[in-house]
Amino acid sequence: MVSLQEFVSSMAPLIDLEKAAEISAESATSSKSLERRGCIMSNLKCTDAQTGLMGKTLLEFQPNKGDVLPPHKFGTHDVVALKPNKADVASSALGQGVVYRLKDSSITVAFDDIPEDGLNSPLRLEKLANEVTYRRMKDALIQLSKNQTGPSVNLVPVLFGENPPMSSKDAAKFSPFNKNLDESQKDAISKALRSKDVFLLHGPPGTGKTTTIIEIILQEVKRGSKILACAASNIAVDNIVERLSQYRTKLVRLGHPARLLPQVLDSALDAQVLRADNSSLAGDIRKEMKVLNSKLLKAKDKNTKRDIRKELRTLAKEERKRQQLAVADVIKNADVVLSTLTGASSKKLYGITFDLVIIDEAAQALEMACWIALLKGPRCVLAGDHLQLPPTVQSAEAEKKGMGKTLFERLTEAYGDQITSMLTIQYRMHELIMNWSSNELYKNKIKAHSSVAEHMLYDLEEVKRSSSTEPTIILVDTTGCDMEEVKDEEESTMNEGEASVSIAHAKLLVESGVRASDIGIITPYAAQVCAYMLSILSN
Ligand SMILES: Nc1ncnc2c1ncn2[C@@H]1O[C@H](COP(=O)(O)OP(=O)(O)OP(=O)(O)O)[C@@H](O)[C@H]1O
């Protein structure tokens, strides 16, 4: 197994390579070329300003000309800079925010403060490269390399093969909160509870990986553990928050409110802080400061001004202290803290130790990102499936040198069954769809639960039996059908023939009574997504 020293020295340069690859993909010399690449949206007008998202200001932008935003690569959660339309690339921004909502005709961005002026003139938004993640991974690497003390001091040697993994000999008896758990899930939970350092939950598609994680969290909380639960993506974290909040657990979700699903906002740190006593005290102080500020504006006498300023400084200090106390209280009182892996490096968690760190989707997370969370506790549970897609690594060189190899895969190779449980009953697919992956990847061990093993589209209410709803799976071979792939200017692949075949099939499904909103069309290429959109719009 790779040693700690080898890992640290090989990973540091790879983080730089990956950062350079991401930045060069998104940066270019002129704003025109950035606009062509969809990284700048120009000539916008600010059409609405609202406060409300926990103190953030939501500004909505629409195109100055036409009804639809230009083609772009902005996504919700992206960090963007707001600038005057004609400003050059290097000029400073009016404000920086997080994309909150995207529609065909508008984009809404959450700002901490409302930009002071410039909102009445034409504006543009620039997508910013995400450098923070790389800095945080580097910081974790430095911490890992000098990890002589700290909560994970006994875990690190196990994860680098210096010490063997340990688990308690006693069977971990537990009475499940979820009465529907199957045997493979219960076995996994019991093994996780016995583990003293690391446990891998191997969950093939639809086998209830998240369901099992929720039960592990509930059982650990019952035993008095404080848990940090993370995943690489916001959506995966929110998925846990949503499912966990059905139980009476004291939990808090860290993260920018604009990045959270509306249904989990109540669990957000910012929302809980707003409800805290210290926070209302901070609010009172802010009101007092407002009164003093207007007094300061009116004051003529030098000494009076000096006294007011002094008082304002004292109040500002007190306000900050109250605010920090409110944040610290919420985190201290929570049994489960949830964040993305990068979010786990938040200053708000400095000095906080956890009994257990859980990482969901661990087989899709870079090992470096996992370490940000892992350094905060002595035990960990990693859940994932290394036989599905690995994390995306943009730099071909970093990929070749091992950046894409996940901790989950590395530990599976090193310790295998000793620390792993695989879930074996799946609750999503007809068994004919499942059989291929079960045979090819999971040694034929996966069984379809009876509720899905033979379910058909025409079992759905209002769906008719027809030639399109009867087959469980249809493969269409377009070879020799004159459906050639083409590349767009961004070198992304597109095949209009294939798009029209699948849209025609979707139409037949709708005619048989399947709701259009229940149909998903998946393609790996951005250009093909555009081809679908155009085809759907023109229909
Ligand atoms: N023991 C169970 N009994 C009945 N339904 C279950 C059971 N375990 C999981 N499910 C259902 O199966 C579906 C998949 O579960 P879950 O989302 O936990 O799986 P997952 O492995 O995390 O999924 P993914 O493939 O997205 O990673 C959900 O609808 C869940 O309610």
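Cut-offs used in this document
Residues numbered from 1 in each chain as written. Predicted model: local features only at pLDDT ≥ 70, side-chain atom pairs only at ≥ 80, totals over all residues. Heavy atoms only, no water. Helix = DSSP H or I, 4+ residues; strand = E, 2+ residues; numbered from the N terminus. Buried < 20%, exposed > 50% of the residue type's maximum accessible area, 1.4 Å probe, protein only. Domains from an automatic or database assignment. Near = heavy atom within 4 Å. Polar contact = N/O pair within 3.5 Å; in protein donor to acceptor, adjacent residues only side chain to side chain. Areas by Shrake-Rupley, 256 points an atom, 1.4 Å probe, with all protein chains shown as cover. Nonpolar A, V, L, I, M, F, W, Y, C, P; charged D, E, K, R; others polar. Pairing = 2+ DSSP bridges. Axes fitted to C-alpha atoms, helices over the stretch in contact; angles between N-to-C directions. Contact = heavy atoms within 4.5 Å.

### Quick word on unusual backbone geometry
Logical step 1: One non-glycine residue, N43, adopts positive backbone phi at about 55°.
Logical step 2: Inspection of the secondary structure puts N43 in strand β1 (residues 40–53).
Logical step 3: On the basis of relative accessible area, N43 is assigned to the partly exposed category, the value being 22%.

### A word on the domain arrangement of the protein chain
Many structure descriptions define interface size as the accessible area lost when the parts assemble.
Logical step 1: Each assigned domain of the protein chain is listed here: domain 1 (25–132), domain 2 (134–250 + 337–423) and domain 3 (457–538).
Logical step 2: Computed from C-alpha atoms alone, the centre-to-centre distance between domain 1 and domain 3 is 33 Å.

### Focus: the site of the ligand
Logical step 1: Neighbouring the ligand are 14 residues; N180, G206, K209, T210 and T211 lie closest to it.
Logical step 2: Side-chain polar atom of Q185 to a nitrogen atom of the ligand: 3.0 Å apart, as the coordinates give it.
Logical step 3: In the environment of the ligand, an oxygen atom lies 2.6 Å from a nitrogen or oxygen atom belonging to the side chain of T211.
Logical step 4: Coverage of the ligand by the protein amounts to 70% of the 630 Å² it exposes when considered alone.
Logical step 5: No other element matches helix α6 (residues 209–222), which puts three residues into the shell around the ligand.
Logical step 6: Residue classes in the shell around the ligand are distributed as three nonpolar, seven polar and four charged.

### Remarks on the sheet that holds strand β7 (residues 198–202)
Two pairing modes exist for strands in a sheet, parallel and antiparallel, and in both the strands are linked by backbone hydrogen bonds.
Logical step 1: Ordered by their spatial adjacency, seven strands build an open sheet running β9-β10-β8-β11-β12-β7-β13, and the pairing between neighbours is parallel. Where the open sheet ends on each side, the last strands, each with one partner, are β9 (251–253) and β13 (420–422). When strand polarity is set aside, the average angle formed by the axes of neighbouring strands in this sheet is 15°.
Logical step 2: Across five bridges, strand β8 (residues 227–231) lies against strand β10 (residues 336–340) in parallel orientation. Paired with C230 across the bridge in β10 is S339.
Logical step 3: Where α6 meets the sheet, it contacts β7, β8, β10, β11 (356–360) and β12 (380–384), and its direction lies at approximately 170° from that of β11.

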